[in-house]
Amino acid sequence: SIGADGDVFWHARDAIDRVHKNNWNGKSHVLFRGPDNRTDNILNSLLLAGETLKSEWTDLQQQTFAQMLDAGIYTSDFKQNDFADAIGITNSSLSKRLNLGNIKVYLQLRETLSEVLESYYGNIE
């Protein structure tokens, strides 16, 4: 019923409306809307930077990233040689994919985003 919706619903609705209005030409489909508007700009800038990088990945870079996630790699600091062996390519080929797609930069942005969220809002797991 009308009036039964709480603040969380209205914050979510506002975030959805903002994403539709400001999706940076389709590059960003993610927006953070928290209880403190002061931090929203920081978090949303990190999200936008990461999603902009990700929107320009080739199919091969997207596939490599998916393989990284499947292997449990969520940080920019990982044993690249071991991962290259695991997916059956040379370390040189993996380096090229990671560098051209800025995949490690993307992972670092996401790590930083996680750290900022935890510092403002506590452990979010």
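Above this text is the structure in question.
Residues numbered from 1 in each chain as written. Predicted model: local features only at pLDDT ≥ 70, side-chain atom pairs only at ≥ 80, totals over all residues. Heavy atoms only, no water.

Undergrad: Help me understand unusual backbone geometry in this model?
TA: Phi is positive for Asn102, close to 55°, though the residue is something other than glycine. You can see Asn102 is positioned in the loop between helix 5 (91-101) and helix 6 (103-121). With relative accessibility at 31%, the residue Asn102 sits in the partly exposed group. (Helix = DSSP H or I, 4+ residues; strand = E, 2+ residues; numbered from the N terminus. Buried < 20%, exposed > 50% of the residue type's maximum accessible area, 1.4 Å probe, protein only.)

Undergrad: How do you make sense of the packing of helix 3 (residues 59-70) against helix 6 when you look at a structure like this?
TA: When two helices pack together, their arrangement is given by the angle between the helix axes and by the axis-to-axis distance. At a minimum axis distance of 11 Å, the contact between helix 3 and helix 6 shows a crossing angle of 50°. Taken together, the axes of helix 3 and helix 6 are oblique relative to one another. The element helix 3 and its partner helix 6 pack so that their crossing is right-handed. Of helix 6, the residues touching helix 3 (which contributes Gln61, Phe65 and Met68) are Ile103, Tyr106 and Leu107. Counted by class, the contact of helix 3 with helix 6 contains 5 nonpolar, 1 polar and no charged residues. (Axes fitted to C-alpha atoms, helices over the stretch in contact; angles between N-to-C directions. Parallel < 35°, antiparallel > 145°, perpendicular 65-115°, else oblique. Left-handed = near helix turned anticlockwise from the far one by under 90°. Contact = heavy atoms within 4.5 Å. Nonpolar A, V, L, I, M, F, W, Y, C, P; charged D, E, K, R; others polar.)

Undergrad: Hey, could you run me through helix 4 (residues 80-87) in this one?
TA: Side chains that are three or four residues apart share a direction in an α-helix, a result of its 3.6 residues per turn. Buried within helix 4 we find Gln80, Phe83 and Ala84. Taken down its axis, helix 4 places every buried residue within 100° of arc, on the same side. Exposed residues on helix 4 whose side chains face more than 90 degrees from its buried face are Asp85 and Ala86. Those residues of helix 4 that are buried lie in contact with helix 3, helix 5 and helix 6. The positive-phi residue at the C-terminal boundary of helix 4 is Gly88, with phi of around 75°. (Arc of directions from axis to C-beta.)

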